[in-house]
Amino acid sequence: MFKNHPKGLLLAALSNMGERFGYYIMNAVLVLFLCSKFGLSDETSGVIYSFFYAGIYVLSLVGGIIADRTQNYKGTIMTGLVVMALGYVILSVPVMATSNNVSWLLPLTCLALFFIAFGNGLFKGNLQAIVGQMYDNFEAEAAKKGEEALRIAKGQRDSGFQIFYVFINIGGLVAPFVAPMLRSWWLQVNNLSYDASLPALCHQYINDGAALSADALNNLGELVTKVGGQTGGDLTAFCSHYLNIFNTGIHYSFIASVVAMLISLVIFISSRNIFPTPGKKEAVKAEEYTEEEKREMATEIKQRMFALFAVLGIAVFFWFSFHQNGMSLSLFARDFVVTDTIAPEIWQAVNPFFVIALTPAIMWIFGSLTRAGRAISTPRKIAYGMGIAGLAYLFLAIYSMMQGYPSAEEFKMMGDTAKATMKAGPWVLIVVYFFLTVAELFISPLGLSFVSKVAPKHLQGLCQGLWLGATAVGNLLLWIGPLMYNKWPIWVCWSVFLVVCLISMGVMFGMVKWLERVTK
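Residues numbered from 1 in each chain as written. Predicted model: local features only at pLDDT ≥ 70, side-chain atom pairs only at ≥ 80, totals over all residues. Heavy atoms only, no water.

**Here we look at the overall build of the chain**
Move 1: A tally of regular secondary structure across the chain gives 20 helices and zero strands.
Move 2: Against the globule reference of 24 Å for 520 residues, the chain gives a C-alpha radius of gyration of 24 Å, in line with a compact fold.
Move 3: For the chain, the spread of C-alpha atoms along the three principal axes comes to 85 × 45 × 35 Å.
Move 4: Relative to its 520 residues, the chain shows a buried fraction of 58%.
Move 5: Partitioning the contacts of the chain with sequence separation of at least 6, the portion at a separation of at least 24 is 85%.
Move 6: For the chain, the accessible area works out to roughly 20,700 Å², and carbon and sulfur atoms hold 65% of it.
Move 7: Distance between charge centroids for the chain: 10 Å, based on 36 positive and 31 negative side chains. (Helix = DSSP H or I, 4+ residues; strand = E, 2+ residues; numbered from the N terminus. Rg over C-alpha atoms; globule rule 2.2 N^0.38 Å. Buried < 20%, exposed > 50% of the residue type's maximum accessible area, 1.4 Å probe, protein only. Contact = heavy atoms within 4.5 Å. Areas by Shrake-Rupley, 256 points an atom, 1.4 Å probe, with all protein chains shown as cover. Lys, Arg positive; Asp, Glu negative; His and termini not counted. Charge placed at Lys NZ, Arg CZ, Asp CG, Glu CD.)

Take a look at the structure:
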């Protein structure tokens, strides 16, 4: 897999994999954790998640600027890992949320999320910039051997970023199992069992008590008995006890995130001398620019930046649709999919599984086309990816319409028995994540490759940060997903994402020829 790729790619991928493992432990449960710990609504948890997720990518722009100005990419990356570890340490402390402490405990949780986002911003884009510089150096060496060697080397960049992306998803594949596993273990230690619907009812009972409807009280009684409680005792005390045990197991999982940050840090420190420094050679070796670049430097940089911002605009709408996997799709898994044997958070492992399974096939297809002289340009691949993402939401909209699903808010008010007869099988999520994953493989790693191609040599960190900044804008819109999901029949919610994907695909196809010229 690593043959004909730069030295250092494997070590960079391993360092990134460790960080991503720790991150995805937390990310897989974050929205549902905020609901179960603090009793927040889906919409409020969604707003916190949106700002956190956007913060990761906005702060990646800040991290890129810091690294570009100081030329200390490696020190910036190591600082980011330490700051992230601090955030996970705060999250790992199991303090039960009550009406007396929520005024400081929720802000403290948000502060921990800020540390994670800021550390991620220092780490993520700059490591990607280092990988991009590896391929700049790799292509420069190949150019010395002739045009054919250079052509082959340039064709390796896309596959190199796909390999890098596979390692991200190896961490992402294992991580979603950690928190649910520890939560279930801690519940069993305390002679209780897991139920996805019970935390929300426990919070409602603690807050509203006798004001709950008869149906809600009946549902609560059934679920208390189901998880091992006694309905004849003090329900308020049981609800508080269940919420404490339920959430403590998740807190323990964040300890694994701390360990993952430290492992990633050790890998990076031990191999940092192998990694190049983006932009450093440019300061002392102007001949790296071609003669044409020297003659038309200002025009060239302007064209490259215009092309970059055009693709960033499309990326905004892709991430708005794709990152619903941590938002409305997670809520769909909790509410509309049978979760008796598989916790809803675990379904987020389906996406990285497909990334790992499908990447070799997609790399082989793209590689075969390149060797045959019929290579598909990166901009065209991104346009195809938007269309494939649309297929995921087309399927989900049709399925939800055929099942007659109401809004999630109406569905959750139904009795437990009635809901059980309407819930979907796990295969629905598998189909959705299959299409979303194929779309992701056409867009995310190739988008990173595109940025590394068009970015001016002295602005690699900043431009990788801009790619992540576009992701941030898309993430700021994520809260719209739960809002539509809870208020409208959910097929309408999925249709909105379908339309967004189709419009983005059309715009991208309209720009393809221009973008292909810029990236030649």
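**Things to note about the state of the cysteines**
Move 1: Inspection of the entire model under this criterion finds zero disulfides.
Move 2: Of all cysteine sulfurs, the one in Cys-493 lies closest to Cys-501, which takes part in no disulfide; the gap is 12 Å. (Disulfide = S-S within 2.5 Å.)

**Brief notes about the packing of aromatic side chains**
Move 1: Enumeration according to the criterion identifies 38 aromatic pairs in this entry.
Move 2: Here Phe-353 and Phe-354 contribute two aromatic rings whose centre-to-centre distance is 5.7 Å and whose plane-to-plane angle is 55 degrees, an arrangement assigned as tilted.
Move 3: The exposure class assigned to Phe-354 is buried, which follows from its relative accessible area of 13%.
Move 4: One aromatic cluster is present, formed by Phe-320, Phe-332, Phe-336, Tyr-393, Phe-395, Tyr-399, Tyr-405, Phe-411, Trp-427, Tyr-485, Trp-494 and Phe-497 through successive ring pairs.
Move 5: Residue placement shows Lys-37 over the ring face of Phe-38; its charged tip is 5.8 Å from the ring centre.
Move 6: Lying over the aromatic face of Phe-366, Lys-381 brings its terminal NZ or CZ to 4.1 Å of the ring centre. (Phe/Tyr/Trp six-rings, centres within 6.5 Å; stacked < 30°, edge-to-face > 60°. Lys NZ or Arg CZ within 6 Å of the ring centre and 35° of its normal.)

**A closer look at helix α13 (residues 350–371)**
Move 1: With 22 residues, α13 should cover 32 Å at 1.5 Å per step; its first-to-last C-alpha distance of 32 Å lies within 8% of that length.
Move 2: Leu-358 marks where α13 bends most, by close to 40 degrees; the proline Pro-360 follows one to four residues later.
Move 3: Of the residues making up α13, those classed as buried are Val-350, Asn-351, Pro-352, Phe-354, Val-355, Leu-358, Thr-359, Ile-362, Met-363, Phe-366 and Gly-367. (Expected span 1.5 Å × (residues − 1). Bend = angle between axes of the 7 residues up to and from the residue.)

**Description of the side chain of Lys-74**
Move 1: Turning to its location among the elements, Lys-74 is positioned in helix α3 (residues 73–91).
Move 2: For the buried residue Lys-74, which engages in no salt bridge, the nearest side chain bearing the opposite charge is Asp-68, 14 Å off.
Move 3: Sequence-distant contacts of Lys-74, that is, excluding residues within four places in its chain, are made with Ile-130, Phe-268, Arg-272, Asn-273, Phe-275, Pro-276 and Thr-277. (Salt bridge = Lys/Arg side-chain N within 4 Å of Asp/Glu carboxyl O.)

**Brief notes about unusual backbone geometry**
Move 1: One non-glycine residue, Gln-71, lies in positive phi territory at about 55 degrees.
Move 2: Tracing the sequence through the fold places Gln-71 in the loop between α2 (42–70) and α3.
Move 3: Look at Asn-191: it is not a glycine, yet its phi comes out positive at around 60 degrees.
Move 4: Within the secondary structure, Asn-191 is located in the loop between α6 (178–189) and α7 (198–208).

**As for the packing of α6 against helix α9 (residues 235–271)**
Move 1: It is at 8 Å that the axes of α6 and α9 come closest, and there the two elements cross at 135 degrees. One element, α6, and the other, α9, form an angle in the oblique class. With respect to the hand of their crossing, α6 and α9 are arranged in right-handed fashion. Contacts between α6 and α9 pair Val-178, Ala-179, Leu-182, Arg-183, Trp-185, Trp-186 and Leu-187 from the former with Tyr-242, Ile-245, Phe-246, Thr-248, Gly-249, Ile-250, Tyr-252, Ser-253 and Ala-256 from the latter.
Move 2: Broken down by class, the residue content of the contact of α6 with α9 amounts to twelve nonpolar, three polar and one charged. (Axes fitted to C-alpha atoms, helices over the stretch in contact; angles between N-to-C directions. Parallel < 35°, antiparallel > 145°, perpendicular 65-115°, else oblique. Left-handed = near helix turned anticlockwise from the far one by under 90°. Nonpolar A, V, L, I, M, F, W, Y, C, P; charged D, E, K, R; others polar.)

**A look at the confidence of the model for the chain**
Move 1: Confidence in the prediction for the chain averages 88 pLDDT; 94% of positions are at 70 or higher.
Move 2: Contacts for the low-pLDDT stretch residues 280–287, under 50 throughout, to residues beyond four places or in other chains number eight contacts. (pLDDT = per-residue confidence, 0-100.)

**As for the packing of helix α19 (residues 480–487) against helix α20 (residues 490–518)**
Move 1: Interaxial distance between α19 and α20 falls to 7 Å at its minimum, and their mutual angle equals 150 degrees. The pairing of α19 with α20 is recorded here as roughly antiparallel in orientation. Viewed along their axes, α19 and α20 form a crossing whose handedness is right-handed. Facing Gly-481, Met-484 and Tyr-485 of α19, the residues of α20 in contact are Ile-490, Cys-493, Trp-494, Val-496 and Phe-497.

**Quick look at the environment of Asn-126**
Move 1: Among the secondary structure elements, Asn-126 is positioned in helix α4 (residues 102–143).
Move 2: Residue classification places Asn-126 among the buried positions, given a relative accessible area of 0%.
Move 3: On a C-alpha basis, the gap between Asn-126 and Lys-412 in space is 44 Å, while along the polypeptide they are 286 residues apart.

**Considerations on the pattern of salt bridges**
Move 1: Enumeration over the complete set of coordinates arrives at nine salt bridges.
Move 2: Arg-334 is paired through a salt bridge with Asp-335; the nearest N and O atoms lie 2.8 Å apart.
Move 3: Judged by relative accessible area, Asp-335 falls into the buried class, the value being 8%.
Move 4: A salt bridge links Glu-409 to Lys-487; the nearest nitrogen and oxygen atoms lie 3.1 Å apart. You can see Glu-409 sitting in helix α15 (residues 408–412) and its partner Lys-487 sitting in helix α19, a full 78 residues away along the chain.
Move 5: Ionic contacts of the salt-bridge type, sharing partners, join the residues Asp-42, Arg-334, Asp-335 and Lys-412 into one network.

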